[in-house]
Structures are given as structure tokens and as C-alpha cells.
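An overview of the molecular structure
Next come the chains, spelled out residue by residue.
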Amino acid sequence: MDVAQTERRVRPVVAGEEVDGSGSADVPDQTTDEVFATVATGDQTTVADAVSAASGAVPTALETAVIQRATWCEAIAAGIRNRSDELTDALVREAGVPIASAREESATAAAQFDSVADVLRSLTGPYRTWTTATEAGDNSLVAAVPLGVVQCRPSVRAPLATAALQLAPSLGAGNGVVVTAPAATPVAVSILTELVREHVPEAAVGFVPLAADAENALTGRGGPDAVLDAAVAAGRAGVTRFQQRLGGGTTTLVFPDADLDAAAAAIADGGPSAVERRLAGTCHVLAHASIQDELVERLDGHIADWTGGDLFDETTTVAPQRDAAGADRLAYFVDDATTKGATLVRGGSADGRQFRPTVLSDVPADAALLEDRQSTPIVPVTPFTSDADALDLAAAGRPSQSVSVFTARHSLAMDVAEAVDAGSISVHAGGDVPEDRLGSLDGRRVHEALTRLTRTKRVLQ
């Protein structure tokens, strides 16, 4: 990939103009340990200014037709593809992900905008103005209107994909947006917001990199009307709606009647490489005690193919930890699990920041790793002895991003779906494993997102 490398400078953008930050930080190049970018970070005041500017631009966005917003999204998707090499390079260097994963993340971001554009072009019903009879016999005019200003909070682990996942429906619904990117990985998101501002009224899109100690700071009175996908407490002053992604990772349940080859392949495919895997990858496997050893043996064969190394090597599938502390944290998880009775099947140690792919069996339910619920190079397998035991284990602890069930019994899969708290439930009765574990914005998800990002306005006639 031929991308010129100079030290990048990232600054907040308010009302379409770059502004000074309240602080600064260096973004290390995960491939060289040199400085990849310097970022001027904002604070609560910067966010408030950006929210105010975006709020003032919302009426202009409201004047646009739904089809115009679809055109915006299509143009943004095209811009992402045109700058794919630049975005991919930035993701490798700032987020420390393998190049194949970074390229996939860029493609995923473009697909989010295309998906929203497709739905906007076919919207009917509550997304257009319609009339309805009231109980008094009069007619009322009903329309879905934007919430106002949405604060979008991309993740450190997959900044571009999560930014697009939030930005595309927010803009499609006609809202102003303020993107508060993590200062650890701001570059790809800054490029995305630059592309957005080429097509959307500039003031309607703000960009504020935030240092880790400021990421939870929301504006008070006059703050955003909604906050998307953030690790902040709901109900802060000035926030009327809050939508948070559930706990990270996928919990996979494998029952005795499952196709073990398909289950092992799917679990291994949920490793820490591709963008879907980093967001909703395997964090915990629950396997019936009668098939645990056989499943682990097949799973170990797949995980043996996970490869660390040069992030610009197309064959690299496992990224290093961002720092030595991250590798130490994983080592602690392994030590804690084995001390409590787990069996180390593979890996368990680090080479510098690169933690070796690891498989643990017989992992007890109180292992610290299971509370973390993040996709890592560690695959923990916990045995269960009955259907009720499996449901109890799956429902315990923090909610998962998703749950995957391998069984031939549809009724059992439905029992799992009712018992657990997760963003999505996948059932693989016949061994067909979907490639997209994150679940890009298909038509149904776009409709759900647009509904959350609008409010109903009723006018009696």
C-alpha cells in the first residue's frame, strides 16, 4: 500500500471550522512505536460549542427531502471507497489491526451508508407525513421529525465502523451530529467526518476528539438530544435519549446434538481479527460436558491457524495488544482461570505485546475473564451438564453483544433467546454459519435505527 507517511495533525471541528483544543495527545504508530498523529483534544466546552452549532444547522437539514439525504449517504459511501487506502492505513497504524481487517472495516463503513441510502429511497409509512383520525373524529397530521443533535461515540477497537454505524442513520434521519472520537484512535474518524462535511451542511457535523478522562463528560443544559453507543451513564442532564451497545463479545452455546465442525469453525471465525470479530467476536463458549473435549480438539485445530506478526502482512490475523499492560492483563486472566481449575490447552503467554492465541477448557463461571466479556485471543470454554444449567450460565453476568446457539432443537434455541439478555440471538441448527457476525445495517436494522433517531410530531386539524 503506497500511502505517504507524515505525522498527522487532528483538531476539533466546530461549525465547519477547525478550532484549538484544550489539550493535546500523541497517537502512537502501532507498527513502528513512533508518533503517527498529534491530536488536539476537546473538553466539555468544545462539545457544547459543537452541539450548539449542529443544533443551529438542524433546520437546514430538515428542509432537505428524504431522497436528498439518501444522496448524501451514497456520496459519503463513494468517498469512503475512494479513500479506502488512506483509511485502511490509518486503522492499521492507530488501532493496531491487521491490514486485512482494516480493509474490511473500511468496506463495512461504506456499506453502512449505502444501506441507509437504500432504505431512505424506499421509505413509506411513519417516515413520511400522513393523516389519521382522532377519537374526536377530527384529523391529525403526523410526521416523523429528527430528534435534534445526536452525539456519536465511536469505539477505540473499531473506530471507523462504529462511527459509520452511528453516523449513517443519524444523518439519514435528518439530525445534526457531534462525533466525540477517542483520542487514542481519532484519525480514521476525522477523515470520515471530513467526507461527511463535503455533502452535509458543514455546521451540522461537529468533531471533537476526547481524551480518556473526558470521554464520559457530557454537556449539561443544552446538551445533545441523544447519545449513541457510549460507556456513560444514562440520564445525564441534557440527554433525552441514550442508546448503548450491550456488553462486548459473543457467547456461544453448543449442545450435544450440534454440528461440532460447524460450531468449531464459527467460534474460531469469531476471533480478534476482523471488524465483526473485534466487536462481537467470541468471548465465552458454553459446551455440554459430553462433547466439550471433542469440541475443544476441533476448535484447537482452527485456532492453530491464527497468525500474529507484521500488521501490513495480509496473512496476519491476530493483532498485538496496544501496550504491554494489555498483554499483562490477558496473562492475568489466564492465570486466574487456571488457578480456579481451568485447563490450558494452547497459548497462555505473550511475546512482547503479541499475546499468543489461547484455548482454555473447564473454565469456571467465576473466572475474571468471563466478567470482562471482550473478544480477545483467548477462547474460554465452560462445560454445562443440562439445558437448565446452560441457560443459567448464559444469563449470568453482563449482557452479551450477541448469543450464538448450536442445536438441532428449535424449541431449545427459543428458550435460550428468552433467557438471555443480548443484542441479537443467532441459531445455527443446520451448520450454516453467517459470514457477518456484526450484522451490518440491513433494511430491518435501518428502520429500527431511524425509528430511534426520530420523534413523532402530531398536529390536530
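Nothing here was measured: the structure is a model prediction, and the numbers come from that model.

The rules behind these values
Starting afresh in each chain, residues are numbered from 1 along the sequence in its written order. Selection of residues for local features in this predicted model requires a pLDDT of at least 70, selection of side-chain atom pairs for listing and counting requires 80 or more, and totals for whole chains, interfaces and linings are taken over all residues. Processing note: side-chain calculations cover all non-hydrogen atoms of the structure and skip hydrogens and water entirely. A fitted line through C-alpha atoms represents every axis, and for helices the fit uses only the stretch in contact; the resulting angles, taken between N-to-C directions, go from 0 to 180 degrees. Here a helix means four or more residues in a row that DSSP labels H or I, a strand means two or more in a row labelled E, and each is numbered from the N terminus. Roughly parallel means an angle under 35 degrees; roughly antiparallel, over 145; roughly perpendicular, 65 to 115; everything else is oblique. Working rule for handedness: look at the near helix, and if it is turned counterclockwise from the far one by less than a right angle, call the crossing left-handed; if clockwise, right-handed. Any two residues having at least one pair of non-hydrogen atoms within 4.5 Å are treated as being in contact. Residues are sorted three ways: Asp, Glu, Lys and Arg are charged, Ala, Val, Leu, Ile, Met, Phe, Trp, Tyr, Cys and Pro are nonpolar, and all the rest, Gly among them, are polar. A carboxyl oxygen of Asp or Glu within 4 Å of a side-chain nitrogen of Lys or Arg is what we treat as a salt bridge. Each residue is placed in one exposure class: buried if its accessible area under a 1.4 Å probe, protein chains only, is under 20% of its type's maximum, exposed if it is over 50%, and partly exposed if it falls in between. Strand pairing requires that DSSP identify at least two bridges connecting the strands. Think of it like this: strands point away, you trace from the first strand over the helix to the second, and a clockwise trace means the crossover is right-handed. By nonpolar core we mean a set of buried residues, namely Ala, Val, Leu, Ile, Met, Phe, Trp, Tyr and Cys, connected to one another through side-chain atoms within 4.5 Å. Summary of the metric used: pLDDT quantifies the predictor's per-residue confidence within the range 0 to 100.

Glancing now at the packing of helix α5 (residues 159-172) against helix α6 (residues 187-197). It is the contact of α5 with α6, at a shortest axis distance of 9 Å, that shows an interaxial angle of 25°. The orientation of α5 with respect to α6, classified from their angle, is roughly parallel. Note that α5 runs across α6; the crossing there is right-handed. Residue-level contacts link P159, L160, A163, A164, L167 and L171 of α5 to A188, V189, L192 and V196 of α6. Among the residues making up the contact of α5 with α6, the classes are represented as 10 nonpolar, no polar and no charged.

What follows deals with the pattern of salt bridges. According to the stated counting rule, one finds 16 salt bridges in the structure shown. Across the pair R298 and E294 runs a salt bridge, and its minimum N-O distance is 2.3 Å. Placement of both R298 and E294 in helix α9 (residues 292-303) is noted, with a separation of four residues, approximately one turn of the helix. In this structure R298 comes out as partly exposed when scored by relative accessible area, which is 30%. Several salt bridges share partner residues, and in doing so they unite R8, R83, E86 and E194 into one network.

So, on to the pairing of strand β8 (residues 149-152). Of the two faces of β8, both are covered, the one formed by V149 and Q151 as well as the one formed by V150 and C152. Pairing analysis gives four bridges linking β8 to strand β9 (residues 176-179), with the strands arranged parallel. If you follow V150 over to β9, its bridge partner there is V177. As for the winding sense of the linkage, the β-α-β connection from β8 through α5 to β9 is right-handed. Pairing of β8 with strand β11 (residues 226-228), which is carried by three bridges, proceeds in the parallel orientation. Within β11, the position partnered with Q151 by the bridge is V227.

Relative to the assigned elements, P383 resides in strand β19 (residues 378-384). Note on P383: relative accessible area 26%, which makes it partly exposed. The spatial distance from the C-alpha of P383 to the C-alpha of A365 is 9.4 Å, given a sequence separation of 18 residues.

Let's shift gears to the nonpolar core. One recurring pattern in soluble globular proteins is that nonpolar side chains are buried together. Of all hydrophobic cores here, the largest spans 62 residues; its most connected members are I80, F113, L120, L167, L171, L192 and V196. If you tally residues by element for this core, the top one is helix α4 (residues 99-120), at nine residues. Not counting the four nearest positions on each side in its chain, L167 is found in contact with F113, C152, V177, V179, L192 and V196. Counting residues in hydrophobic clusters, the runner-up holds 22 residues, among them A263, A264, I267 and L295.

The subject of this paragraph is the confidence of the model for the protein. In regions of low pLDDT, the predicted coordinates are not meant to be interpreted in detail. Of all residues in the protein, 76% have pLDDT values of 70 or greater, and the mean over the chain is 81. This model gives residues 272-280 a pLDDT under 50, and the stretch forms 51 contacts once residues within four places in sequence are excluded. Low pLDDT (under 50) marks residues 429-441, which in the prediction has 31 contacts with non-local residues, meaning those over four places away or in another chain.

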